[in-house]
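Remarks on the overall topology
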Amino acid sequence: MASSTHKHHHHHHHLPTPHPTTAAPPPTPSTQHPNTRSTSDTADADALSLLLHRLPPTLSLPARLSPRPKATLSPPLITTLSLQNPDSLSSLLSASSQHGFFQLTNHSVLPHLARSAESDSLSLFTLPRNQKRLHFPQNWPLGFDCDDEEDEDNGTESFCFDSTCSTESTELSLASLGEFTREMEKVGLEVVEALSCAVGFGNPLRDDPTRVCSLMWVSEGSAGDEPVGSGKFYPYVVGLHYQIRCQGYSLLADSGSVSVSPQVDSILVTLGDIAQVWSNGKTKKVRGRPIPCLENGGKDARCISMSLLVTLPLEATVSPLLIPRSTPADAKDSPVDHNEDGGSSSSTDTLIESTRAFNSFCFEDYAWRVYHERLPSKDPLDRYHV
């Protein structure tokens, strides 16, 4: 056998043979004299060595691909809303135009009222689901709603109230929630007034209370069990969320998903799509309400969320609120009359009309579509851009 030649103690030099089918297999490089290796063998060995040196020392794949956690931000701080303080208006303009949200620390809502309102809200979710439907019949957008009507244990439940927080039940008392709603509405209207002064648009809610509709949205769910952008949106001017305890929230801002953690007893203020249209695109916005998120593994914890939305009656028309600030000097004194759809009219409107960023639209149609459209792929305001 050819392999028997390896049993000899003296060294053998193997020469190439023209009959490869009967020849012995070539020796390994360790048994072959370096002076007798062929050029092709040397090239192959060098190529293999180069390849091995270029390989990383270890190859590993992650067990699960997941996005990097986002840092939690502290929202821009607005200490007070003062129409006579240029610094306050400048800070408000900066937060509104760059972020679309901020935290307000000095306000009129008392901490004990917010906690009492939360107790009222907790009592709502102890009711059986049939009682929730009975006492809070749905009259869109008011009443009881659930994302999953077929599963009693899943789905995010929510109640939407007007400023009266009325109920058809004689056993439930929502007095604290009603008072809390009205106090939050006062702060919301102050925010709209300051925002109109800081950004430079007319405030149609200033003198006509029929042009405003405030909604208190109370929801319960596992903190962080909804991705940002899920749930049902409702258009609004400004949204207010009282920070009862140390708690983070996820916001769907124009820049994408943002995690924020306001100070305890502050009010997290978000600017909505209506404010963005009114400002003719000068302000950023947050879509939907803040989504609570628990840290340190609090996945199964339940939480109550109370958000006050300053919004519009369903019959309203939404359009940019144009003020002719950039008109020629001779038009400075021309009167500006706000029309019913929230626009303005003056002798200089023809100069400003070309600067509109949005077309006018029916609020009810827009609100219905946004509320019932699940996970919209695009900004719903895109269709109204000029």
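Bear in mind the structure is a predicted one, so any value in this text is a computation, not a measurement.

Scanning the chain from terminus to terminus reveals eight helices and 16 strands. Every one of the 386 residues in the chain was classed for burial, and the buried ones make up 44%. Only carbon and sulfur atoms are counted for the fraction: they give 53% of the accessible area of the chain, which is about 21500 Å².

This brings us to the packing of aromatic side chains. Taken as a whole and judged by the stated rule, the model has 16 aromatic pairs. Relative to Phe-159, the ring of Phe-144 lies with its centre 5.2 Å away and its plane at 50 degrees, an arrangement referred to as tilted. One end of the pair, Phe-144, is in strand β4 (residues 143-146); the other, Phe-159, is in strand β5 (residues 157-161), with 15 residues separating them in the sequence. The same class applies to Phe-144 and to Phe-159, which are both buried. When the ring of Trp-217 is compared with that of Tyr-371, the centres are 6.3 Å apart and the planes differ by 40 degrees; the resulting orientation is tilted. Taken together, the positions of Trp-217 in strand β6 (residues 213-222) and Tyr-371 in helix α8 (residues 363-372) put the pair 154 residues apart, joining distant regions of the chain. The exposure class assigned to Tyr-371 is buried, which follows from its relative accessible area of 4%. Taken together, the ring pairs connect Trp-140, Trp-217, Tyr-234, Phe-363, Trp-368 and Tyr-371 into an aromatic cluster.

The next thing to look at is the confidence of the model for the chain. Looking at the chain as a whole, the pLDDT averages 78, with 65% of positions reaching at least 70. When the criterion is pLDDT under 50, residues 29-36 qualifies, and its contacts beyond four places in sequence or with other chains add up to five contacts. Considering only residues more than four positions removed or in separate chains, one finds that residues 55-69, a stretch of pLDDT under 50, has zero contacts.

Right, let's talk about helix α2 (residues 86-98) for a bit. Between its first and last C-alpha, α2 extends 18 Å over 13 residues, near the 18 Å set by a 1.5 Å rise per residue. Among all positions of α2, only Ser-88, Leu-89, Leu-92, Ala-95 and Ser-96 are buried. Projected down its long axis, α2 carries its buried residues within an arc of 130 degrees, all on one side. In α2, the exposed residues that point more than 90 degrees away from the buried face are Pro-86, Asp-87 and Gln-98. Residues of α2 that are buried make contact with β2 (77-78), β3 (101-104), α5 (175-199) and β10 (267-271). The opening residue of α2, the one whose side-chain oxygen lies 2.9 Å from the backbone nitrogen of Asp-87, is Asn-85. Where α2 ends, the next residue or the one after it, Gly-100, has phi of about 90 degrees, a positive value.

Our focus in this paragraph is the pattern of salt bridges. For the structure shown, the criterion picks out ten salt bridges. In this structure, Asp-265 and Arg-115 form a salt bridge, with 3.5 Å as the shortest nitrogen-oxygen distance. Taken as a pair, Asp-265 in the loop between β9 (256-260) and β10 and Arg-115 in helix α3 (residues 111-124) lie far apart in primary sequence, 150 residues in all. Exposure remark for Arg-115: the relative accessible area of 32% places this residue in the partly exposed category. For the salt bridge of Glu-157 with Lys-132, the shortest nitrogen-to-oxygen distance reads 2.5 Å.

Another point: the pairing of strand β11 (residues 286-293). For β11, the buried fraction is high: six of the eight residues fall into the buried class. As paired elements, strand β8 (residues 248-253) and β11 share five bridges and run antiparallel to each other. Bridged to Gly-248 within β11 is Cys-293.

Right, let's get into the side chain of Gln-243. In this structure, Gln-243 sits in the loop between β7 (238-242) and β8. We classify Gln-243 as buried; its relative accessible area is 0%. A distance of 3.3 Å separates the side chain of Gln-243 from the side chain of Tyr-249, its partner in a polar contact. Not counting the four nearest positions on each side in its chain, Gln-243 is found in contact with Tyr-249, Pro-262, Gln-263, Val-264, Asp-265 and Ser-266.

Here the focus is α3. Its 14 residues give α3 an end-to-end C-alpha distance of 21 Å, which sits within 8% of 20 Å, the value for a rise of 1.5 Å per residue. Of the positions making up α3, those classed as buried are Leu-113, Ala-114, Ala-117, Glu-118, Asp-120, Ser-121 and Leu-124. Buried positions in α3, seen along its axis, are confined to an arc of 160 degrees and lie on one side of it.

Here we take up the pairing of β9. Judged from the two bridges that link them, strand β1 (residues 72-73) and β9 form a sheet pairing that is parallel. Following the sheet pairing, Thr-72 is matched in β9 by Ser-259. Looking at chain direction, β8 and β9 are connected through five bridges and run antiparallel. In the strand pairing of β9, Ser-250 is matched with Ser-259. Hairpin connection between β8 and β9: a loop of two residues separates the two successive antiparallel strands.

What counts as what
Residues numbered from 1 in each chain as written. Predicted model: local features only at pLDDT ≥ 70, side-chain atom pairs only at ≥ 80, totals over all residues. Heavy atoms only, no water. Helix = DSSP H or I, 4+ residues; strand = E, 2+ residues; numbered from the N terminus. Buried < 20%, exposed > 50% of the residue type's maximum accessible area, 1.4 Å probe, protein only. Areas by Shrake-Rupley, 256 points an atom, 1.4 Å probe, with all protein chains shown as cover. Phe/Tyr/Trp six-rings, centres within 6.5 Å; stacked < 30°, edge-to-face > 60°. pLDDT = per-residue confidence, 0-100. Contact = heavy atoms within 4.5 Å. Expected span 1.5 Å × (residues − 1). Arc of directions from axis to C-beta. Polar contact = N/O pair within 3.5 Å; in protein donor to acceptor, adjacent residues only side chain to side chain. Salt bridge = Lys/Arg side-chain N within 4 Å of Asp/Glu carboxyl O. Pairing = 2+ DSSP bridges.

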